Amino acid sequence: MLQKPKGTADILPTHINRWHTIERVVRRACQRYDYQELRTPIFEATDLFVRGVGQATDVVDKEMFTFYDKAQRSMTLRPEGTAGVVRAVVEHKLYAAADVQRLYYVGPMFRYEQPQSGRYRQFHQWGIEAFGSASPLLDAETIALGHDVLTQLGIAHAALEINTVGTAAERGRYAQRLRAHVAPIADQLCSDCRARLGRNPLRILDCKKDAALLQDVPVLMDDLGAESIAHFEAVCRHVAAMGIAFVHNRRLVRGLDYYTHTAFEWSVPVDTFGSIHAIGGGGRYDDLVAHLGGPHTPAVGLAFGIERLARVLDAQCVGERPMLDACFVAMGDAAVEAIVPMLSSCRRAGLAVTFDALHRKPKAQLKFAVRAQARYAVIVGDDEVAAHTVVLKHLATERQQIVPQEQLITMLHASEE
Ligand code: HAM
């Protein structure tokens, strides 16, 4: 039997409503914050990610889906959205706009990771990126938009951690101090951290295996200059003023190389996905536009994993199949004729209605109405056809009443929950 590739998922009709809910909430929130959608290609030149995300990151080093096209150009399925958005901003000179450019995207990303609960090789992200302002208020606004989406999805309990990773120069100084501190115990570190120590030492800070060994390492905050500290303090002040709870985690470093100053992440309790708990994260990346060939343009953004958001909604039993407003139950041929115009007018009036297309016996049609999660059964038999009425039965309470056909739409609208 043919099967889907390892690390991918079919999103079945039983689950799609959660996805629709997430996408609806995300698009509305983006609109409220004046973000506009940008769609970029799913594959890009490999070099974009090597330069943009960073050669020393796990994503570029081990996880890219890279292939050669027929002209022997190296291409890669995008492992994240930021690099492609920056490429588009530079290519179309969007940075030249007088105002801050606020962009968002929703779509598939690809990382060749070891699949496990909540970790896929094809997954989906919703992300936002804002270009053209170094204001800490924009960092805070980015966090607020993420927080709003979580709140609207009923995931407000996700924990938010914020940190600063300073500028590239400050990080360079810190990396030296960190290496010197860790050198005496380097051979006790796990193999991943030993490799990171040479190429990307900050990543050892969030290693779970070596956490105990690395308890007393120096912190980056001590290498930051006054400007970086002022930026970080302003971000924290603004986020607090927005009523958003967070923790300053001095050891939070993100897995991608482009961050400067602010870095943040949301997580849910570990039991949701086993060992994984991050559902979204982001930060400021003031050097990336220039690094990819544009003029110096400060920027900040975030991304959430849609599979992970959907899993949290699953665990909370939110967003199952939407309720239908009504299911028509037609008893006899005349009744079938009579419900045809009623189905059409209900649908044109914005109501979600269905009928039993197998034309079963009335009892089976009522059972179907319950299975279809309709709020009402609209029952029509010979008597109702003659009197131009319907029997409107509220399926949860089993209360029923006779309603003139011309009042059906008004009645269904009036009772919408
Ligand atoms: P990231 O932390 O690598 O950041 O990914 C963001 C989110 O994507 C994660 O928190 C997680 O929910 C989801 N995700 C990542 N990998 C997988 C996977 N293999 N399976 C399922 N979900 C996954 C970025 O990608 C940055 N581009 C975020 C950003 C935007 N920073 C600034 N602007």
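What counts as what
Numbering of residues begins from 1 in every chain and follows the order in which that chain's sequence is written. Local features in a predicted model are, by the rule used here, given only for residues with pLDDT of at least 70; side-chain atom pairs are given and counted only at 80 or more, and totals for whole chains, interfaces and linings are based on all residues. For the side-chain quantities, the full set of heavy atoms in the structure was used; hydrogens and water were omitted. The salt bridge definition used is simple: a Lys or Arg side-chain nitrogen within 4 Å of an Asp or Glu carboxyl oxygen. Helical segments are the DSSP runs of H or I of at least four residues, strand segments are the runs of E of at least two, and each set is numbered from the N terminus. Burial classes follow relative accessibility: with a 1.4 Å probe on protein chains only, a residue under 20% of its type's maximum area counts as buried, one over 50% as exposed, and anything between as partly exposed. The start and end points of each domain follow an automatic or database-based domain assignment. Only the six-membered ring of Trp is used, alongside the rings of Phe and Tyr, when aromatic pairs are assigned; centres must lie within 6.5 Å, and planes under 30 degrees apart are stacked while those over 60 apart are edge-to-face, with the rest tilted. Cation placement over rings: the criterion is NZ of Lys or CZ of Arg within 6 Å of the ring centroid and within 35° of the ring normal. Whether a residue is near a molecule or strand depends on its heavy atoms: if one lies within 4 Å, it is near. Think of a polar contact as two N or O atoms within 3.5 Å of one another; within protein, one of them needs to be a possible hydrogen donor and the other a possible acceptor, and neighboring residues in sequence only count if both atoms come from side chains. Accessibility throughout is a Shrake-Rupley quantity obtained with a 1.4 Å probe, and a residue counts as covered only by protein chains that appear here. All residues other than Ala, Val, Leu, Ile, Met, Phe, Trp, Tyr, Cys, Pro, Asp, Glu, Lys and Arg, Gly among them, are scored as polar; the first ten of these are nonpolar and the last four charged. For helices, the fitted axis covers only the stretch in contact; all axes are lines through C-alpha atoms, and the angles between them, taken along N-to-C directions, range from 0 to 180 degrees. Just so you know how the angles are binned, under 35 degrees is roughly parallel, over 145 roughly antiparallel, 65 to 115 roughly perpendicular, and the rest oblique. By convention, the crossing between two helices is left-handed when the near helix turns anticlockwise from the far helix through less than a right angle, and right-handed when the turn is clockwise. It only takes one pair of heavy atoms within 4.5 Å for two residues to be counted as in contact. Strands qualify as paired when DSSP identifies two bridges or more between them. Summarising the geometry, the arc corresponds to the directions from the helix axis toward the C-beta atoms.

Caption draft 1: Broad picture of the pattern of salt bridges. All told, the structure shown has 18 salt bridges when counted by the stated rule. Between D314 and R18 there is a salt bridge, with the nearest N and O atoms lying 2.3 Å from each other. Of this pair, D314 sits in helix α10 (residues 306–315) while R18 is found in helix α1 (residues 13–32), placing the two residues 296 residues apart along the sequence. One salt bridge in this structure joins E265 and R254, with 2.7 Å as the shortest N-O distance. Residue E265 is found in strand β9 (residues 262–267), and its partner R254 is found in the loop between β8 (247–248) and β9; the two are separated by eleven residues along the sequence. Taking the relative accessible area as the measure of exposure, R254 reaches 16% and is therefore buried. Salt bridges sharing partners connect three or more residues here, namely R27, E37 and R39.

Caption draft 2: Broad picture of the domain arrangement of the protein chain. Taken as a whole, the protein chain is organised into domain 1 (16–166 + 224–315) and domain 2 (324–414). For domain 1 and domain 2, the distance between their C-alpha centres works out to 47 Å.

Caption draft 3: Molecular detail of the packing of aromatic side chains. Under the definition given, this model contains eight aromatic pairs. Taken together, the aromatic side chains of W126, F264, W266 and F304 make up a single cluster linked through ring pairs. Over the aromatic face of Y112 sits the side chain of R121, whose NZ or CZ is 3.8 Å from the ring centroid.

Caption draft 4: Structural view of the site of the ligand. Taken together, 26 residues surround the ligand, and among them E80, E113, Y120, E129 and Y259 come closest. One of the side-chain N or O atoms of Y258 is found 2.9 Å from a nitrogen atom in the ligand. Contact with the protein chains hides 96% of the accessible area of the ligand, taken as 660 Å² for the molecule alone. At the level of elements, β6 (122–131), β10 (278–284) and β11 (299–305) are the ones that each hand at least two residues to the shell around the ligand. Grouping the amino acids of the shell around the ligand by side-chain chemistry returns ten nonpolar, nine polar and seven charged.

Caption draft 5: Seen up close, the packing of helix α5 (residues 136–152) against helix α8 (residues 226–241). Closest axis-to-axis distance for the α5/α8 pair is 8 Å, and the angle between their directions is 45°. The angle between α5 and α8 places the two elements in the oblique class. Both α5 and α8 take part in a crossing whose hand is right-handed. On the side of α5, the interface is formed by P136, L137, D139, A140 and I143, while α8 contributes H231, A234, V235, H238 and V239.

Caption draft 6: Looking closely at the sheet that holds strand β12 (residues 324–330). In spatial order, the strands read β13-β12-β14-β15-β16; together these five strands make up an open sheet with mixed pairing. Every other strand in the sheet has two partners, leaving β13 (353–355) and β16 (400–404) as the edge strands with one partner each. When strand polarity is set aside, the average angle formed by the axes of neighbouring strands in this sheet is 30°. Examined bridge by bridge, β12 and β13 share three bridges and lie parallel to one another. In the sheet register, A326 faces β13, and the bridge partner there is V353. Along the sheet, helix α12 (residues 362–371) contacts β12, β13 and β14 (374–380); its crossing angle with β12, the most-contacted strand, is approximately 170°.

Caption draft 7: Representation of helix α7 (residues 191–199) in the model. For α7, the complete set of buried residues consists of C193, R196 and L197. Viewed end-on, α7 has its buried residues packed into an arc of 110°, placing them on one side of the element. The inward-facing, buried residues of α7 contact α3 (58–62) and α6 (168–182).

Caption draft 8: α12, seen in detail. Those residues of α12 lying buried are Q365, F368 and A369. One side of α12 holds all its buried residues, which, seen down the axis, span an arc of 105°. Within α12, the exposed residues directed more than 90 degrees away from the buried face are K363, K367, V370 and R371. Looking at the buried residues of α12, the elements they touch are β12, β13 and β14.

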